[in-house]
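Structural features, examined
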Amino acid sequence: MRITSENGKLNVPADPEIVYIEGDGVGKEITERMIETLDAAVRTAYSGERRIEWKKALAGSEAIEKTGTNLPDETIEAIKESLIAIKGPLMTPVGKGARSINVALRQTLDLYACVRPIEYFEGVPSPVRHPENVDMVVFRENTEDIYAGIEWDKDSEEVRKVISFLQNEMGVKKIRFPETSAIGVKPVSEEGSVRLIKAAIDYAIANRRRSVTLVHKGNIMKFTEGGFRRWGYETAKKDYGAYEKDGKVFIPASRGDIEIKDCICDAFLQNILLKPEAYDVIATLNLNGDYVSDALAAEVGGIGIAPGANINYRTGAAVFEATHGTAPDIAGKDIVNPLSIILSGVMMLEYIGWNEAAALIRNAVSSMISSGSVTKDLYDLMIREGRSGKCLSTSAFTSELINKL
């Protein structure tokens, strides 16, 4: 049966239909392993009384081969009807006319919040001394900023019109080389910013987190990123009753007040190395969020084990995903780490309220990694650090993981 939503609140049957997209490169391997793991966890947690009805949809190279387009309308409609989907990595060819499937999904379905939890599993090799201090959840605005894709190539008729308008109508004097400039537009709206920031604050309240940090570059981009910062504080005060104390801003919460603060993005990227324990929930714009989430993932083991979700908290629609690339060089070799999509599946189970099944997988993953039973990517890092471990294939790792459920 299909999941339904009323004002963003999900109604989940015992047998929900969930769309899956295998993906390109290693996508097929890791998506199959994810489905096996989630099915086993659901069976174990609920003694067979619940199950997921998986519905395959096409995107990427398989879609091009069968339909002539990398993102068929049928796939968009399937996700709209089912509300929830999960996908493997998808390739976007470099060059003109090649749209990003990920960006298209986010914009078409208005999945305005990219949510990336950053947590450390004991035993994962890390380039930092104290990765256990890294515990954050990044909320990245997903539909605006330069990812809106509004730009014109140099020497094009369109860019000449834009530059002429800026210079002659708007009095812009700062385009240093107008004859050879390409131009891009960075839209950042109050509405788009506020709904993302509210999602981050709501998450912090619901999960009893300590703070929400607005990460921005408002010292340079004063009306776009500076607006994001300003609207964040205004929202905290207007909608959540935030108050100031000793120069800080707090939102009253039932289990301790939550601090609302901000940090310029370049300083933030330094601070996550120097004092990551100072940060908790992060709300940021689209481009900053891209940099920040990958940098944080590197501190706790890399994007090979980093989960992610794209969510519209108002409609309930969500697409969970492996956050890494297609890795065509190792596709079909049974050595890829499946944890990014498996942990994204854990996020999905938590999102639909199946927390018992999610906890089983999370605990099994923690046990596997702490014992040194890992796939080749993490095993090689362990050996480099002079540690022992057990190198497992993708399928063997998944089998052991399921046994630990």
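Here is what the cut-offs are and how they apply
Residues numbered from 1 in each chain as written. Predicted model: local features only at pLDDT ≥ 70, side-chain atom pairs only at ≥ 80, totals over all residues. Heavy atoms only, no water. UniProt positions renumbered as here; feature names shortened; annotations may be inferred. Helix = DSSP H or I, 4+ residues; strand = E, 2+ residues; numbered from the N terminus. Buried < 20%, exposed > 50% of the residue type's maximum accessible area, 1.4 Å probe, protein only. Contact = heavy atoms within 4.5 Å. Polar contact = N/O pair within 3.5 Å; in protein donor to acceptor, adjacent residues only side chain to side chain. Pairing = 2+ DSSP bridges. Axes fitted to C-alpha atoms, helices over the stretch in contact; angles between N-to-C directions. Phe/Tyr/Trp six-rings, centres within 6.5 Å; stacked < 30°, edge-to-face > 60°. Core = buried A, V, L, I, M, F, W, Y, C linked by side-chain atoms within 4.5 Å.

The name given to the chain in an unreviewed UniProt entry is Isocitrate dehydrogenase [NADP], and the organism recorded there is Candidatus Ornithospirochaeta stercoravium. As its UniProt record puts it under Subunit (unreviewed entry), the chain is described as follows: "Homodimer."

All right, on to the UniProt feature "binding site: NADP(+)" (unreviewed entry) in the chain then. Here the UniProt-annotated "binding site: NADP(+)" (unreviewed entry) positions come out as N337 and R384. On the secondary structure map, N337 appears in the loop between β16 (318-322) and α10 (339-351). Using a relative accessible area of 4% as the deciding quantity, one classes N337 as buried. When near neighbours in sequence (up to four residues on either side) are disregarded, N337 contacts I30, G304, I305, H324, T375, D377 and L378. Polar side-chain contacts of N337 include one of 3.4 Å to the side chain of T375. Tracing the backbone through its elements, the reader meets R384 in helix α12 (residues 376-384).

Turning our attention to the sheet that holds strand β11 (residues 243-245). Spatial strand order, β4-β3-β5-β16-β15-β6-β7-β14-β10-β13-β12-β11: twelve strands in an open sheet with mixed pairing. Each of the sheet's edge strands pairs with one partner strand only, and the pair in question is β4 (53-56) and β11. Pairwise comparison of adjacent strand axes, ignoring direction, gives a mean angle of 25° for this sheet. Sheet topology places strand β5 (residues 84-87) next to β16; four bridges connect them, and they run parallel. Bridged to K87 within β16 is E321. Running at roughly 155° to strand β10 (residues 211-216), helix α7 (residues 225-240) makes contact with β10, β11, β12 (248-251), β13 (258-264) and β14 (281-284) of the sheet. Of the strands in this sheet, β3 (17-21), β4, β5, β6 (113-118), β15 (307-311) and β16 are in contact with α10, which crosses β16 at around 155°.

Across all of its chains, the model carries seven aromatic pairs by this definition. When the ring of Y46 is compared with that of W354, the centres are 5.7 Å apart and the planes differ by 65°; the resulting orientation is edge-to-face. Linking Y46 in helix α1 (residues 27-46) with W354 in the loop between α10 and α11 (355-370), this pair joins segments that are 308 residues apart in sequence. Y46 sits in the buried class, given a relative accessible area of 10%. Classification of W354 as buried rests on a relative accessible area of 3%.

A separate point is the nonpolar core. Judged by nonpolar contacts, the single largest core of 96 residues is most densely connected at I84, F139, V212, F320, L349 and I361. The element that contributes the greatest number of residues to this core is α10, accounting for nine residues. Setting aside chain neighbours within four positions, we find V212 in contact with A200, I201, A204, I258, E259, I260, K261, V281 and A283. Within the second largest apolar cluster, 14 residues are counted, among which are V134, C263, C265 and F268.

Burial of β14 is two-sided: the residues V281 and A283 facing one way and the residues I282 and T284 facing the other way are all buried. With four bridges joining them, β10 and β14 adopt parallel strand pairing. Bridging across to β14, T213 finds its partner in I282.

A few words on unusual backbone geometry. Backbone geometry places A327, a non-glycine residue, at a positive phi of 45°. Inspection of the secondary structure puts A327 in the loop between β16 and α10. Here the phi dihedral of D334 falls at roughly 60°; this positive angle occurs in a residue that is not glycine. Relative to the assigned elements, D334 resides in the loop between β16 and α10. A residue is classified by how much of its surface remains accessible, and D334, at 25% relative accessible area, is partly exposed.

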